[in-house]
Amino acid sequence: MQLTILPLVFALALLEVLTPTRGEDFGYDGVIGPRHWSERYRECAGKHQSPININVLRVKQVTLPDIMFIGFDDSIDGVHVSNNGHTVLIEVENELHPRVRGGPLEADYVFSQMHFHWGDNDTFGSEDKINHRSFPMELHMVFFKEEYKSVKEAILHPDGLTVLAFFYEVDRHQHPAYDEIVGALQNVTEPHTQVEMEHPFSFLNILPYDLRRYFTYRGSLTTPPCSEVVIWLDFEQPIRLAHEQIKAFRELKSTHGKITHNFRPIQPIGDRVVFYNIDSNYFTYNEIDPDEDEDAAPTKSSRRRGHNRGFSLTPRLFFVSLMLAMLQL
Ligand SMILES: *[C@@H]1O[C@H](CO)[C@@H](O)[C@H](O)[C@H]1NC(C)=O
Ligand SMILES: *[C@@H]1O[C@H](CO)[C@@H](O)[C@H](O)[C@H]1NC(C)=O
Ligand SMILES: [Zn+2]
C-alpha cells in the first residue's frame, strides 16, 4: 500500500513545485491581498517588515562612508524588461552586473533586478513614505551580497540583500531616459511576457542627481515571502517623470486584470532606528580653519588637507560604529 502511494506523493510534491501559479498566489486586493499574505508566508507577520513610514523628526543623522556605484555609468547590452504578473522587472543578462559597496554596507552587493511599485493615481503608489507623504511610484534596485552568489541563497541571511529605493515625482516634462522603458511597457502588458531593450542601458541615467542623501534601515522584502533580510537605502531626491510616463505602468496586467496598484501598506517600525545619511563633505566644508586663507603656501595647504581629513574621518568612524552597534540591537 505504502509503496504505491509514495510515488503519488512525490508526483504531487513535484507538481506543487513546478506549478506556474507559484508567485501568482499573492496580489494587492481581496483574499490574496497584503492582509492575507501571512497565512501562507509566516514572515509577512514579522516585527521588522517593510515598507515603513519614515518620520524625519525621529531619524538619527549619520555620515557614512561614500557609496560606490560600480558599473552604474556603463552602457549595458542585453537588458530585459518583463511583466512577472506583479510588476515590471528590468534584468541584466550578461555577466558583468553593476554593484554597490560602502555606505552602511560591509561588503559588495551585486545587482539582481529592478522593479517598480505604483498606485491608481498620482497621489499615492510608493511603498515607504516620508512623513506620511506618498509618492506616485517607487523604484527598487535589488542587490545580493556577493558571497551568497544568488538572491535565493541571500534571502536565507539577515544581511543578504540591499535595495536602493527611489521615489518618483510628477513633472511637466518627460524624462528622456525613461522613454525606452515606457516604450517597452506596451510590449509586456500581458503577464509573463518579456522584451529586450533595443539600446544599451545605463543605470545612472535613470537615477536622480543627488545620491548622497538617503535614509537607511533594516527591513524586509515587500512581497511574499517577506524575508527580513534587506538593508534599505531610500534616496531623498525623487526622480521626476511626466504624468503620462507614470500612467503607462498602470496599463500592465496580471492574470486578474490591470495592475492598477502594487504597493504594500506601511508596517509597524517597532524597535527599529532609521538613519539619515547627510553629505560627508558637509563636515569638510564647514570645518576649514577660518584663519587659514587663500594665499597659503603649498606646505600649509597640504597641512590643511590633512587637517580636514582628520576632522571628517572622526565623526564618520564614530557614526559607523554607532550605527553598527544599533543594528545589532
Ligand atoms: C486617487 O485615488 C483615490 C483612491 O481611489 C481617491 O480617493 C482620490 O480621489 C484620487 N485622487 C485623484 C486626484 O484622482
Ligand atoms: C515594442 O513594440 C513596438 C511596436 O508595437 C516597437 O516599435 C518597439 O520597438 C518595441 N519596443 C521594444 C523595447 O522592443
Ligand atoms: Zn519592490
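Residues numbered from 1 in each chain as written. Chains lettered and ligands numbered in written order. Predicted model: local features only at pLDDT ≥ 70, side-chain atom pairs only at ≥ 80, totals over all residues.

**A few points about the overall build of the protein**
Working step 1: Check the secondary structure of the protein and you find seven helices and 16 strands.
Working step 2: Long-range pairs, those at least 24 residues apart, make up 74% of the contacts in the protein between residues at least 6 apart in sequence. (Helix = DSSP H or I, 4+ residues; strand = E, 2+ residues; numbered from the N terminus. Contact = placed C-beta atoms within 7 Å.)

**Here we look at the site of ligand 2**
Working step 1: Close to ligand 2 lie Gly183, Ala184, Gln186, Asn187, Val195, Met197 and Glu198.
Working step 2: By residue class, the composition of the shell around ligand 2 is three nonpolar, three polar and one charged. (Near = placed C-beta within 6 Å. Nonpolar A, V, L, I, M, F, W, Y, C, P; charged D, E, K, R; others polar.)

**Focus: the pairing of strand 12 (residues 214-219)**
Working step 1: With six of six residues buried, strand 12 lies mostly within the body of the structure.
Working step 2: Of the two faces of strand 12, the one holding Tyr214, Thr216 and Arg218 and the one holding Phe215, Tyr217 and Gly219 are both buried throughout.
Working step 3: Relative to strand 13 (residues 230-242), strand 12 runs antiparallel, the two being bridged by six bridges. The residue of strand 13 that forms the bridge with Thr216 is Leu233.
Working step 4: Of the strand pairs in this sheet, strand 12 and strand 16 (residues 275-277) are connected by three bridges, and their pairing is antiparallel. Bridge assignment links Thr216 to a residue of strand 16, and that residue is Phe275. (Buried ≥ 20, exposed ≤ 12 C-beta atoms within 10 Å, placed from the backbone. Pairing = 2+ DSSP bridges.)

**Points about the pairing of strand 13**
Across a regular strand the side chains alternate sides, sitting on one face of the sheet and then on the other.
Working step 1: As judged from the 10 bridges shared by strand 10 (residues 161-171) and strand 13, these two strands associate in the parallel manner. Across the sheet, the residue bridging to Phe166 is Phe235, located in strand 13.

**Section: the environment of Arg240**
Working step 1: Relative to the elements of secondary structure, Arg240 occurs in strand 13.
Working step 2: Overall, Arg240 belongs to the partly exposed group, with 16 C-beta atoms counted inside 10 Å.
Working step 3: The spatial distance from the C-alpha of Arg240 to the C-alpha of Phe167 is 8.7 Å, given a sequence separation of 73 residues.
Working step 4: When near neighbours in sequence (up to four residues on either side) are disregarded, Arg240 contacts Glu169, Asp171 and His175.

**What about unusual backbone geometry?**
Working step 1: Cis geometry marks the peptide bond from Ser50 to Pro51; its omega dihedral reads 0°.
Working step 2: For Pro51, the location among the structural elements is in the loop between helix 2 (37-40) and strand 1 (53-54).
Working step 3: Between Pro224 and the following residue, Pro225, the backbone shows a cis peptide bond with an omega angle of 10°.
Working step 4: When you line up the elements, Pro225 lands in the loop between strand 12 and strand 13.

**Quick word on the nonpolar core**
Working step 1: Formed by 62 residues in total, the largest nonpolar core has its most connected members in Met141, Phe143, Leu161, Val163, Leu164, Ala165 and Phe249.
Working step 2: Elements represented by at least two residues in this core include exactly strand 4 (79-83), strand 5 (88-92), strand 7 (109-118), strand 9 (137-145), strand 10, helix 4 (179-185), strand 12 and strand 13.
Working step 3: Not counting the four nearest positions on each side in its chain, Leu164 is found in contact with Val100, Met141, Leu233 and Phe235. (Core = buried A, V, L, I, M, F, W, Y, C linked by C-beta atoms within 7 Å.)

**Quick notes on the environment of Gln237**
Working step 1: Here Gln237 lies in strand 13.
Working step 2: Taking the number of C-beta atoms within 10 Å as the measure of exposure, Gln237 has 16 and is therefore partly exposed.
Working step 3: Sequence separation between Gln237 and Tyr168 is 69 residues; the distance between their C-alpha atoms is 8.8 Å.

**Let's talk about the environment of Arg218**
Working step 1: You can see Arg218 is positioned in strand 12.
Working step 2: On the basis of neighbour counts, which here come to 21 C-beta atoms within 10 Å, the residue Arg218 falls in the buried class.

**So, the confidence of the model for the protein**
Working step 1: Scored by pLDDT, the protein comes out at a mean of 84, with 78% of its residues at no less than 70.
Working step 2: Predicted confidence for residues 8-23 stays below pLDDT 50, and this span has two contacts to residues more than four positions away or in other chains. (pLDDT = per-residue confidence, 0-100.)

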